[in-house]
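Commentary on secondary and tertiary structure
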Amino acid sequence: AALINLALDPIFIFGLFGFPRLEVQGAALATLVSNGIMLAFTLLYLSGKLKVFASPFAPLKDIFASWRHMLAIGIPAILSHSIIPLSAAIVVTMIAKYGVDSVAGYGVAMRIEPLALIPFYALSAIASPFFGQNFGAGQYHRMLEARRIITRFCVIYGLALAVVLALLARPLTGLFSESETIRDVAVHYLWLVSWGYGAHGLVMSCNSAFNGTGRPLPALAVSSSRVIFLFLPLAFAGQFLLGINGIFLATAVSNLTLAVISFAWLGRHINAHQAAGPPTSPQPSA
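If you're wondering where the values come from, they're calculated on a predicted model, not measured in any experiment.

What follows deals with the overall build of the protein. Along the backbone of the protein there are ten helices and zero strands. For the protein, the spread of C-alpha atoms along the principal axes amounts to about 75 × 55 × 30 Å. A total of 286 residues make up the protein; the buried ones form 37% of that total. Taking the contacts inside the protein whose residues are at least 6 apart along the sequence as the reference set, 68% of them involve residues at least 24 apart.

Laid out in structure tokens, this is it:
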């Protein structure tokens, strides 16, 4: 998708090969087209080659059974992932009261943050199938070991990332803006929020692990609690006491608190199934 987007951007933005010059709208259109192409390819691959989805020509009862099976996990997972951009929208709304430069500074930080979090995204992507496979096989000791390894990585990489951003935040933000006001907001965001990046990565991996074991509701509870019961009260209090930096500090504290809760909840979930014994295999029908 990224390569297709990269190829289409200059074509649509500058109007190459006979296409109209669309400028910023062309960048949006390139993203839309690339995502659409990858969506079609993914659906065809999952349905035609891997047979993940029920055939559209299958009996309706089989199709509905397939939908129920996927959506039982998919809907809570969708909601839990939707809370992340919702939280970002809330942050932008709160920062907007400090002026356009503050919003721009936050936007600069948002260009740097996803690059720093790439290893955490990759880790959470593999956590779901790994925990799902070992959960189905009753290999609970491997799940507990994976939880320890993931936590160790998130702590070490998260702390290293915070130190690196503390040293490089100002020159990095200078690549995006020459305004000192904008850079100051972005730098303070990276200085404060980065200390919770490791915790954020751990929460993402724990949520993926819950989804992989067929338990999406804990992930939804953790994600929604972060915004409703932790971030918002802390952000309003921090904003009152420290101004815009209080909002950033609230983000880091929320991530750290949820990481502890997610780690403990996932361990309790695994230990409960381990104490109950290995899962029983379904008996074949006569």
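Across all of its chains, the model carries one cavity of 30 Å³ or more by this definition. Put simply, the largest cavity is a space of about 30 Å³. Forming the boundary of the largest cavity are Phe-131, Arg-147, Ile-150, Thr-151, Leu-202, Ser-205, Cys-206, Ala-209 and Leu-266. At the level of secondary structure, the elements contributing two or more residues to the lining of the largest cavity comprise helix H6 (140-173) and helix H8 (197-212). If you tally residues by element for the lining of the largest cavity, the top one is H8, at four residues. Here the residues of the lining of the largest cavity sort into six nonpolar, two polar and one charged.

Bringing the layout of surface pockets into the picture now. There is about 710 Å³ of room inside the largest pocket. As for the largest pocket, its lining consists of 30 residues, of which Ile-84, Pro-85, Tyr-121, His-200 and Arg-226 are closest to the centre. At the level of secondary structure, the elements contributing two or more residues to the lining of the largest pocket comprise helix H3 (60-96), helix H4 (100-116), helix H5 (118-136), helix H7 (180-193), H8, helix H9 (216-242) and helix H10 (244-276). Counting residues per element, the lining of the largest pocket draws most heavily on H3, at eight residues. Its volume calculated, the second largest pocket comes out at about 190 Å³. Cys-154, Val-155, Gly-198, Ala-199 and Leu-256 are, among the 14 residues lining the second largest pocket, the residues nearest its centre. Residue assignment for the lining of the second largest pocket shows that the elements contributing at least two residues are H6, H8 and H10. Sort the elements by how many residues they give to the lining of the second largest pocket and H6 lands first, with five residues. When grouped by side-chain class, the residues that make up the lining of the second largest pocket number ten nonpolar, four polar and no charged.

As a further point, take H9. Along its 27 residues, H9 runs 36 Å from first to last C-alpha, staying within 8% of the 39 Å computed at 1.5 Å per residue. Largest kink in H9: about 40°, centred on Phe-231, with the proline Pro-233 one to four residues after it. Looking one or two places after H9, you find Gly-243, whose phi comes out positive at around 75°.

Once that is clear, we can look at the nonpolar core. Within the largest apolar cluster, 55 residues are counted, with the highest numbers of intra-cluster contacts made by Phe-131, Tyr-189, Tyr-197 and Phe-248. The biggest single contributor to this core is H6, with nine residues. Each residue touching Tyr-189, except ones within four places of it in the same chain, is listed here: Tyr-106, Ala-109, Met-110, Glu-113, Ser-194, Tyr-197 and Phe-248.

Per the stated rule, a full pass over the model turns up five salt bridges. Put simply, Arg-148 and Glu-145 hold a salt bridge, and the shortest N to O gap is 2.5 Å. Within this pair, Arg-148 and its partner Glu-145 are both found in helix H6, separated by three residues, close to a single helical turn. In this structure, the salt-bridge partner of Arg-183 is Glu-180, at a minimum N-O distance of 3.5 Å.

For the rest of this paragraph, the subject is the packing of H4 against H7. Relative orientation of the contacting elements H4 and H7 amounts to 50°, with a least axis distance of 7 Å. One element, H4, and the other, H7, form an angle in the oblique class. Our pair here, H4 against H7, has a crossing hand that is right-handed. Residue-level contacts link Asp-101, Ser-102, Ala-104, Gly-105, Tyr-106, Val-108, Ala-109, Met-110, Ile-112 and Glu-113 of H4 to Thr-181, Ile-182, Val-185, Ala-186, Tyr-189, Leu-190 and Val-193 of H7. Residue classes in the contact of H4 with H7 are distributed as twelve nonpolar, three polar and two charged.

About the cut-offs
Residues numbered from 1 in each chain as written. Predicted model: local features only at pLDDT ≥ 70, side-chain atom pairs only at ≥ 80, totals over all residues. Heavy atoms only, no water. Helix = DSSP H or I, 4+ residues; strand = E, 2+ residues; numbered from the N terminus. Buried < 20%, exposed > 50% of the residue type's maximum accessible area, 1.4 Å probe, protein only. Contact = heavy atoms within 4.5 Å. 1 Å grid on protein atoms, 1.4 Å probe; cavity = no way out; pocket = protein on both sides within 12 Å on 5 of 7 lines; lining within 4 Å. Points joined across faces, edges and corners; volume = space filled by probe spheres on them. Nonpolar A, V, L, I, M, F, W, Y, C, P; charged D, E, K, R; others polar. Expected span 1.5 Å × (residues − 1). Bend = angle between axes of the 7 residues up to and from the residue. Core = buried A, V, L, I, M, F, W, Y, C linked by side-chain atoms within 4.5 Å. Salt bridge = Lys/Arg side-chain N within 4 Å of Asp/Glu carboxyl O. Axes fitted to C-alpha atoms, helices over the stretch in contact; angles between N-to-C directions. Parallel < 35°, antiparallel > 145°, perpendicular 65-115°, else oblique. Left-handed = near helix turned anticlockwise from the far one by under 90°.

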